[in-house]
Amino acid sequence: MSLAAAQHGFLSPTGVEVAFLLVGPVTLGAALVTVTTRQLVHAALWLVVALGGLAVEYLLLTAEFIAWVQVLIYVGSVVVLLLFGLMLTKAPIGHSPDADSGNRWAALAVAGAAAAALVWVVVDAFRTTWIDLGGPAAGSTRVTGQSLFQHWVLPFEALSVLLLAALVGAIVLSRKAAAAAPPPDAAPVAGAPGEKEGAR
């Protein structure tokens, strides 16, 4: 155990650790509301709170670069793209009964299994690691950038293509809906029943 771990324990947490524990339930609650609400716009807005809470957690862990990437890419780009897609597809603003597929228990089981596997992997990987939250930042922007664009460049570009496909799909769906809807000031067809009755 390092010197930072020997100076204090779980019974004497620091201010940063207390803030980390306070932000965690807020982030978890926002994530739960995101996947349980039946209003699509509210789900997107609660997603902003969840992703913002993750950025705060990264910031408290002295990962400033990852925190600002979280804000710029996820909060500033992904959520804006989701809202843009909702507006283009004319998604309902209020209560949306179609947003519930009826498979809540199956989704809950899959989410619980995924969360348990993720927690187990993280705990097993960092079991003996202690982060000195009061010390200098552990990584620099240069090291993080090299790791991102050397080892993770393919998922990074795949995410860009996925977001572009989502935007194009939203535009196509909105144009199809606009073409299928009749114009509001369309003239009645000659010989229509209503016109004959009026002539009589």
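These numbers come from a predicted model, not from an experiment.

Asks: What should I look at first to understand the overall build of the protein in this one?
Replies: Along the backbone of the protein there are eight helices and zero strands. The secondary structure elements of the protein, listed N-terminal to C-terminal, are α-α-α-α-α-α-α-α. By residue count, 15% of the 200 residues in the protein fall in the buried class. The contacts in the protein between residues at least 6 apart in sequence include a share of 73% that link residues at least 24 apart. For the protein, the computed accessible surface area is about 14,800 Å², with 72% contributed by carbon and sulfur atoms.

Asks: Even after reading the chapter, I still don't get the side chain of Thr27, so can you show me in this structure?
Replies: By secondary structure assignment, the location of Thr27 is in helix H2 (residues 15–36). Beyond its immediate chain neighbours, meaning those up to four positions away, Thr27 contacts Ala50, Gly53 and Leu54.

Asks: What should I look at first to understand the confidence of the model for the protein in this one?
Replies: For any part of a model where pLDDT is low, the fine detail of the predicted coordinates should not be relied upon. Of all residues in the protein, 70% have pLDDT values of 70 or greater, and the mean over the chain is 75. pLDDT under 50 marks residues 1–5. Its contacts with residues more than four places away, or in other chains, come to five contacts. Scored below 50 in pLDDT, residues 194–200 makes three contacts in the model with residues more than four places away or belonging to other chains.

Asks: Please explain the side chain of Gln70 as it appears in this structure.
Replies: Structurally, Gln70 can be placed in helix H4 (residues 64–88). Those residues in contact with Gln70 that sit more than four places away from it in its chain are Leu51, Leu54, Ala55, Tyr58 and Val75.

Asks: Mind showing me how you'd approach helix H3 (residues 40–60) here?
Replies: Each α-helix winds once per 3.6 residues, and so residues spaced three or four apart point in a common direction. Counted at 1.5 Å a residue, the expected span for H3 with its 21 residues is 30 Å, and the 30 Å between its end C-alpha atoms agrees. The complete set of buried residues in H3 reads Val41, Ala43, Ala44, Ala50, Leu51, Gly53, Ala55, Glu57 and Leu60. Against H2 and H4 lie the buried residues of H3. Trailing H3 by a residue or two, Thr62 shows a phi angle of about 60 degrees, which is positive.

Asks: Please clarify how the packing of H3 against H4 should be interpreted in this entry.
Replies: Geometry of a packed helix pair, given as the angle between the helix axes and the separation of the axes. Relative to each other, H3 and H4 sit at 175 degrees, their axes nearing to 8 Å. In terms of their interaxial angle, H3 and H4 are classed as roughly antiparallel. Note on element contacts: H4 touches H3 through Glu64, Ile66, Ala67, Gln70, Val71, Tyr74, Val75, Val79, Leu82, Leu83 and Leu86, opposite Leu40, Val41, Ala44, Leu47, Val48, Leu51, Gly52, Leu54, Ala55, Tyr58 and Leu59. Looking at the contact of H3 with H4, its residues break down into 19 nonpolar, two polar and one charged.

Asks: Sorry, what's going on with the environment of Gln70 here?
Replies: For Gln70, a relative accessible area of 7% translates into the label buried. Spatially, the C-alpha atom of Gln70 lies 7.7 Å from that of Gly52, the residues being 18 residues apart in sequence.

Asks: How should I be thinking about a nonpolar patch on the surface in this particular structure?
Replies: A cluster of nonpolar side chains, contributed by Leu54, Tyr58, Phe65 and Ile66, occupies part of the molecular surface with about 290 Å² of accessible area. Secondary structure elements with two or more residues in the nonpolar patch: H3 and H4. Position of Phe65 among the secondary structure elements: in helix H4. Here Phe65 falls in the partly exposed class, since its relative accessible area comes to 30%.

Asks: I would appreciate a short explanation of the packing of H2 against H3 in the present structure.
Replies: The interhelical angle for the contact between H2 and H3, taken along N-to-C directions, is 160 degrees, at an axis separation of 8 Å. Between H2 and H3, the angle is such that the two are roughly antiparallel. The handedness of the crossing between H2 and H3 is left-handed. Of H3, the residues touching H2 (which contributes Val16, Ala19, Phe20, Val23, Gly24, Thr27, Ala30, Ala31, Val33 and Thr34) are Ala43, Trp46, Leu47, Val49, Ala50, Gly53, Leu54, Val56, Glu57 and Leu60. For the contact of H2 with H3, the per-class residue count stands at 15 nonpolar, four polar and one charged.

Definitions and cut-offs
Residues numbered from 1 in each chain as written. Predicted model: local features only at pLDDT ≥ 70, side-chain atom pairs only at ≥ 80, totals over all residues. Heavy atoms only, no water. Helix = DSSP H or I, 4+ residues; strand = E, 2+ residues; numbered from the N terminus. Buried < 20%, exposed > 50% of the residue type's maximum accessible area, 1.4 Å probe, protein only. Contact = heavy atoms within 4.5 Å. Areas by Shrake-Rupley, 256 points an atom, 1.4 Å probe, with all protein chains shown as cover. pLDDT = per-residue confidence, 0-100. Expected span 1.5 Å × (residues − 1). Axes fitted to C-alpha atoms, helices over the stretch in contact; angles between N-to-C directions. Parallel < 35°, antiparallel > 145°, perpendicular 65-115°, else oblique. Nonpolar A, V, L, I, M, F, W, Y, C, P; charged D, E, K, R; others polar. Patch = residues over 30% accessible without salt bridge, like charges linked within 9 Å, V, L, I, M, F, W, Y side chains within 5 Å. Salt bridge = Lys/Arg side-chain N within 4 Å of Asp/Glu carboxyl O. Left-handed = near helix turned anticlockwise from the far one by under 90°.

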